[in-house]
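Understanding the architecture of this molecule
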Amino acid sequence: MKEYTKELNITVKVNGREYHESVPANMTLLQFLRNKLLLTGTKEGCGIGECGACTVVMNGKTVTSCLVLAAEADGAEIRTIEGEAKGEKLTALQESFIKYHGEQCGFCTPGMIMSAQNLLDRNPKPTREEIVEAISGNLCRCTGYEPIIKAIEAVAEKGNR
Amino acid sequence: MRYFAPASLEEAINILLEHEGAIILAGGTDVMVEKRSGKIEPSAVVDIKKLEGELRYMRLSDDRLEIGSLTTITDILHWGKLPHEVTSLKDAARVFGCHEIRNRATIGGNIAHASPGAEFASTLLALDATVQLAGKDGKRELSMEDFFLGPGKANMERGEVITGFSVPLLSGSSSCYMRASRVDGMDLAIINCAIRLQDLDAENLAVRAAFGAVAGKPIRIVEAEKLLAREDFEGVKRLLFDTLNPRATSLRAAPMSKKLLAGNLAEDTYKIAKERLAG
């Protein structure tokens, strides 16, 4: 006997704005962000937590949003790529990605920015090894990582944000 | 599928008993993957993260380290008070998944999943840890040997929840965990090895050696321990090559590769544990 998926009400703060929504119990945080809130900056790559394209910040920590149920995010504070730039003004990290060609196809970029920004927030002057470690959960199949690492290093040298 | 987030252990146990096909959700890094692939179709998920106040801890008491089941891998990696005797726990945490996975995954989930190659399975087995379970009939405590039954099969009754682990801290002991993997970053172990050494007297060492992903469950190999204690590394390699029988359905490497790798990995792991014993 297959039970119908029950809906439940959640309250979640995304990029500073509070949302009250009804979600199916089996909806992931990634599906919630993309399909309910239409915040499509967060990407789905593998859907099983291996590629990092769906990385968002949940209560100050980076998570792969494909492995989190929307129901688990009840009461949480989420930050997505849409919350990074302020209007037309990009963050120092986003500017640096452009300057150093840290993106090619762009699919990994939102997750990559979230992981890298979270690293810089925790540790404003990371070493190269710390940078490599911090983005080890974010796959990029275009750049070979070198330009991404350079973009993060440049921000670390100049100071964050 | 229904979603429950019980506020007490008792409530969690009751929900698990009431809903056939319900599954415990901790960090979700295994459950969500298996749910997506269709390997599991839970009727309900019982999210136990509201029990963090009770089940997320690392405490030193007398000669033991107590670890709550909801302790995340990140918690273990960054805990400044981890005793040097159990450095293998930090070794396991360091190579575990990636930053995002370590933030979510819990030590209890890693063990409950009973994957033969789980980082903390062989680590806790080599450290002679016990696992604590709570269920409707109260609490029970099992050795790691008794806990793992086979691939994905743990000695847990329906309605039981892992609450924590108790790790003995032996004086004059050291430990190390190593794995062989295809890449250094985000990957799972081809095989892994965890070793605990204890100085018995000037000439004798007690060795506990556990291996992961070489059989249907993490195993201790007593014969290998004896050879390691004599530092007969060639003997260990021969023994493991001759006796290991990795499953033909092995993931990530052919059984023959695992048989060849095991002895070398045991030697490397032993040597680091030995250095730590001296240092």
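None of these values were measured; they are calculated from a predicted model.

1. A short note on the overall build of chain A
Summing up its helical and strand segments, chain A has 5 helices and 5 strands in all. The linear arrangement of helices and strands in chain A, starting from the amino end, is β-β-α-β-β-β-α-α-α-α. Here the C-alpha atoms of chain A give a radius of gyration of 16 Å, agreeing with the 15 Å that 2.2 N^0.38 yields for 161 residues. Across its three principal axes, chain A shows a C-alpha extent of roughly 55 × 30 × 25 Å. The buried share of chain A, reckoned over its 161 residues, is 50%. Long-range pairs, those at least 24 residues apart, make up 55% of the contacts in chain A between residues at least 6 apart in sequence.

2. Details of the interface of chain B and chain A
Contact residues are listed per partner, giving 28 residues for chain B and 35 residues for chain A. Between chain B and chain A, roughly 2400 Å² of surface is buried when both sides are summed, and carbon and sulfur atoms account for 55% of that area. In this structure, the connection of chain B to chain A is made through 4 salt bridges. Between Glu72(A) and Arg104(B) there is a salt bridge, and its shortest N-O distance comes to 2.7 Å. Counting the contacts that link chain B with chain A gives 9 residue pairs in polar contact (both at pLDDT 80 or more). Mapped by element, the contributors of at least two residues to the side of chain B that touches chain A are strand 1 (2–4), helix 2 (31–37), strand 3 (44–47), helix 4 (73–78) and helix 6 (99–104) of chain B. Sort the elements by how many residues they give to the side of chain B that touches chain A and helix 6 of chain B lands first, with 6 residues. Here the residues of the side of chain B that touches chain A sort into 10 nonpolar, 7 polar and 11 charged.

3. A word on the domain arrangement of chain A
Residue and element names in this part refer to chain A. You can read the domains of chain A as domain 1 (7–80) and domain 2 (92–158). Inter-centroid distance (C-alpha atoms) of domain 1 to domain 2 is 22 Å. Contacts between domain 1 and domain 2 engage 16 residues on the former and 11 residues on the latter. Our count for the domain 1 to domain 2 interface comes out at 1 salt bridge.

4. Things to note about the packing of helix 10 (residues 222–229) of chain B against helix 11 (residues 233–243) of chain B
Pairs of packed helices are described in terms of their axes, by the angle between the two and the distance that separates them. All names here are of chain B. As a packed pair, helix 10 and helix 11 sit with axes 8 Å apart at the nearest point and diverge in direction by 165°. Taken together, the axes of helix 10 and helix 11 are roughly antiparallel relative to one another. Crossing of helix 10 over helix 11 shows left-handed handedness. Residue-level contacts link Glu223, Ala224, Leu227 and Leu228 of helix 10 to Phe233, Gly235, Val236, Leu239 and Leu240 of helix 11. When its residues are assigned to classes, the contact of helix 10 with helix 11 shows 7 nonpolar, 1 polar and 1 charged.

Reading guide: rules and limits
Residues numbered from 1 in each chain as written. Chains lettered and ligands numbered in written order. Predicted model: local features only at pLDDT ≥ 70, side-chain atom pairs only at ≥ 80, totals over all residues. Heavy atoms only, no water. Helix = DSSP H or I, 4+ residues; strand = E, 2+ residues; numbered from the N terminus. Rg over C-alpha atoms; globule rule 2.2 N^0.38 Å. Buried < 20%, exposed > 50% of the residue type's maximum accessible area, 1.4 Å probe, protein only. Contact = heavy atoms within 4.5 Å. Buried area = accessible area lost by both parts, 1.4 Å probe. Salt bridge = Lys/Arg side-chain N within 4 Å of Asp/Glu carboxyl O. Polar contact = N/O pair within 3.5 Å; in protein donor to acceptor, adjacent residues only side chain to side chain. Nonpolar A, V, L, I, M, F, W, Y, C, P; charged D, E, K, R; others polar. Domains from an automatic or database assignment. Axes fitted to C-alpha atoms, helices over the stretch in contact; angles between N-to-C directions. Parallel < 35°, antiparallel > 145°, perpendicular 65-115°, else oblique. Left-handed = near helix turned anticlockwise from the far one by under 90°.

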